[in-house]
Amino acid sequence: ITSERFATNLFGKYVGLLTLLFIATSNLVFRNSIALQSDIVFSFFILLGAFFLFKYLKEQRDLNLFFASSIFAFSSILRINGLVFFPIEVFVFVGYFIMRNIYKNSEIYSSKSVSYISKISFRKKTFKNIIFLLLPWMIFFSAYGLYHDHYFGDPFTNYNKISERTVYANDPTALLNFDNENFENIKEYSKYLLPYQFPAVYNKIDNNFDDILGENWL
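Residues numbered from 1 in each chain as written. Predicted model: local features only at pLDDT ≥ 70, side-chain atom pairs only at ≥ 80, totals over all residues. Heavy atoms only, no water.

A.B. asks: Can you walk me through a nonpolar patch on the surface in this structure?
C.D. replies: On the surface, Leu17, Leu18, Leu20, Leu21, Phe22, Ile23 and Val29 cluster together to form a nonpolar patch covering roughly 570 Å² of accessible area. Broken down by element, the residue count for the nonpolar patch peaks at six residues, all from helix H2 (residues 13-24). Locating Leu18 in the fold gives a position in helix H2. (Patch = residues over 30% accessible without salt bridge, like charges linked within 9 Å, V, L, I, M, F, W, Y side chains within 5 Å. Areas by Shrake-Rupley, 256 points an atom, 1.4 Å probe, with all protein chains shown as cover. Salt bridge = Lys/Arg side-chain N within 4 Å of Asp/Glu carboxyl O. Helix = DSSP H or I, 4+ residues; strand = E, 2+ residues; numbered from the N terminus.)

As structure tokens, this is what we get:
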């Protein structure tokens, strides 16, 4: 219901209907929604954060950007993998800012009727947006670091390091490494960005049409 309401509000009733059909027929969503676990609660806040981020891009209201950052940061408290939305949000904002800045510069500096005060106002608004984007994340990272420093003596540690688990890479610099295993994982997880029926059928077909359409057709 939440997904359909957001999609309808942002993109219209037909996109909302398709969203409802895709999610209502997804066995993955159904499996994870039977019980109130962190998966569905985390997903709700991710949807809410994405909603306000889209609203900011459409309406350019500064508070929407602040709400988006705050909700994404809060989702990282529920599940630490919510941290991935920090670089995503920065990337989206920087790309949007560059495009808007190019448009504004052509509009402002090509018009003699635009005053110097208008240029200053535009720069102040940009700086305000940057603060709204970064402030919730700064609070989150500060709280995260202070917590681990107080209890474990190292603000940059994490659960895997403390428990000495070796299932996953523990060092944040591992995010900068990209090998064949990472690529295969991205391919496998990306299948489920499609409507569930496609990967579900793919997993049940022995041949998978690989010989005809290639190894990565899905």
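A.B. asks: Would you mind going over the pattern of salt bridges with me for this structure?
C.D. replies: Pairs may arise between side chains of opposite charge once their charged atoms sit close together. Using the criterion set out here, one finds six salt bridges in the structure. Among the ionic pairs, Asp62 bridges to Lys128, the shortest N-O distance being 3.6 Å. Of this pair, Asp62 sits in helix H5 (residues 62-78) while Lys128 is found in helix H7 (residues 116-152), placing the two residues 66 residues apart along the sequence. Looking at Lys128, the relative accessible area reads 40%, which means it is partly exposed. Through salt bridges with shared partners, one network takes in Asp62, Lys125 and Lys128. (Buried < 20%, exposed > 50% of the residue type's maximum accessible area, 1.4 Å probe, protein only.)

A.B. asks: Quick question: what am I supposed to make of the packing of helix H4 (residues 38-59) against H5 here?
C.D. replies: For any two helices packed against each other, one specifies the inter-axial angle together with the distance between the axes. As a packed pair, H4 and H5 sit with axes 8 Å apart at the nearest point and diverge in direction by 160 degrees. By the angle class used here, H4 and H5 are roughly antiparallel. The element H4 and its partner H5 pack so that their crossing is left-handed. Residue-level contacts link Val41, Phe42, Phe45, Ile46, Leu48, Gly49, Ala50, Phe52, Leu53, Lys55, Tyr56 and Glu59 of H4 to Asp62, Asn64, Leu65, Phe67, Ala68, Ile71, Phe72, Phe74, Ser75 and Leu78 of H5. For the contact of H4 with H5, the per-class residue count stands at 16 nonpolar, three polar and three charged. (Axes fitted to C-alpha atoms, helices over the stretch in contact; angles between N-to-C directions. Parallel < 35°, antiparallel > 145°, perpendicular 65-115°, else oblique. Left-handed = near helix turned anticlockwise from the far one by under 90°. Contact = heavy atoms within 4.5 Å. Nonpolar A, V, L, I, M, F, W, Y, C, P; charged D, E, K, R; others polar.)

A.B. asks: Help me understand the environment of Phe67 in this model?
C.D. replies: If you trace the backbone, Phe67 turns up in helix H5. The spacing of Phe67 and Leu53 is 14 residues in sequence and 8.1 Å in space, taken between C-alpha atoms.

A.B. asks: How do you make sense of the environment of Ser69 when you look at a structure like this?
C.D. replies: Relative to the helices and strands, Ser69 resides in helix H5. Sequence separation of Ser69 and Leu135 is 66 residues, and the distance between their C-alpha atoms is 8.1 Å. The residues contacting Ser69, other than those within four sequence positions of it, are Glu89, Phe132, Leu133, Pro136 and Trp137.

A.B. asks: How should I be thinking about H5 in this particular structure?
C.D. replies: Three or four residues apart is the spacing at which side chains of an α-helix point the same way, because the helix has 3.6 residues per turn. Between its first and last C-alpha atoms H5 spans 25 Å; for 17 residues at 1.5 Å apiece the expected length is 24 Å, and the two agree. Among all positions of H5, only Asp62, Asn64, Leu65, Ala68, Ser69, Ile71, Phe72, Ala73, Ser75 and Ser76 are buried. (Expected span 1.5 Å × (residues − 1).)

A.B. asks: Would you mind going over the side chain of Thr19 with me for this structure?
C.D. replies: Structurally, the position occupied by Thr19 is in helix H2. Of note is the side chain of Thr19, whose polar atom sits 2.8 Å from the backbone oxygen of Val15. Residue contacts for Thr19: discarding those within four places in its chain leaves Ser3, Glu4 and Ala7. (Polar contact = N/O pair within 3.5 Å; in protein donor to acceptor, adjacent residues only side chain to side chain.)

A.B. asks: Which parts of the structure should I look at to understand the nonpolar core?
C.D. replies: General note: in soluble globular proteins, nonpolar side chains tend to be found buried as a group. The biggest cluster of nonpolar side chains holds 20 residues, and the ones touching the most others in it are Phe52, Leu65 and Phe72. Sorting the residues of this core by element identifies helix H1 (2-11), H4, H5, helix H6 (85-109) and H7 as the ones contributing at least two each. Looking at which element gives the most residues to this core, the answer is H4, with seven residues. Residues within four places of Leu65 in sequence aside, it is in contact with Leu53, Tyr56, Glu89, Phe93, Asn129, Phe132 and Leu133. (Core = buried A, V, L, I, M, F, W, Y, C linked by side-chain atoms within 4.5 Å.)

A.B. asks: Which parts of the structure should I look at to understand the packing of H1 against H4?
C.D. replies: The contact between H1 and H4 brings their axes to 11 Å, and the two run at 5 degrees. Considered as vectors, H1 and H4 are oriented roughly parallel to each other. Here Thr2, Ser3, Phe6, Asn9, Leu10 and Phe11 of H1 lie close against H4, whose contacting residues are Phe44, Leu47, Leu48, Phe51, Phe54, Lys55 and Lys58. Of the residues belonging to the contact of H1 with H4, the class tally is eight nonpolar, three polar and two charged.

A.B. asks: What is the right way to read the packing of aromatic side chains from this model?
C.D. replies: The description of an aromatic ring pair rests on the distance of the ring centres and on the angle between the ring planes. This model, assessed by the stated rule, comprises 19 aromatic pairs. Summarising the aromatic geometry, the rings of Phe45 and Phe74 are spaced 5.1 Å apart at their centres and angled 65 degrees between planes, so their arrangement reads as edge-to-face. Of this pair, Phe45 sits in helix H4 while Phe74 sits in helix H5, placing them 29 residues apart in sequence. Taken together, Phe6, Phe51, Phe52, Phe66, Phe67 and Phe132 form an aromatic cluster joined through their ring pairs. Above the plane of the ring of Phe42 lies Arg79, whose end atom (NZ or CZ) is 6.0 Å from the centre. (Phe/Tyr/Trp six-rings, centres within 6.5 Å; stacked < 30°, edge-to-face > 60°. Lys NZ or Arg CZ within 6 Å of the ring centre and 35° of its normal.)

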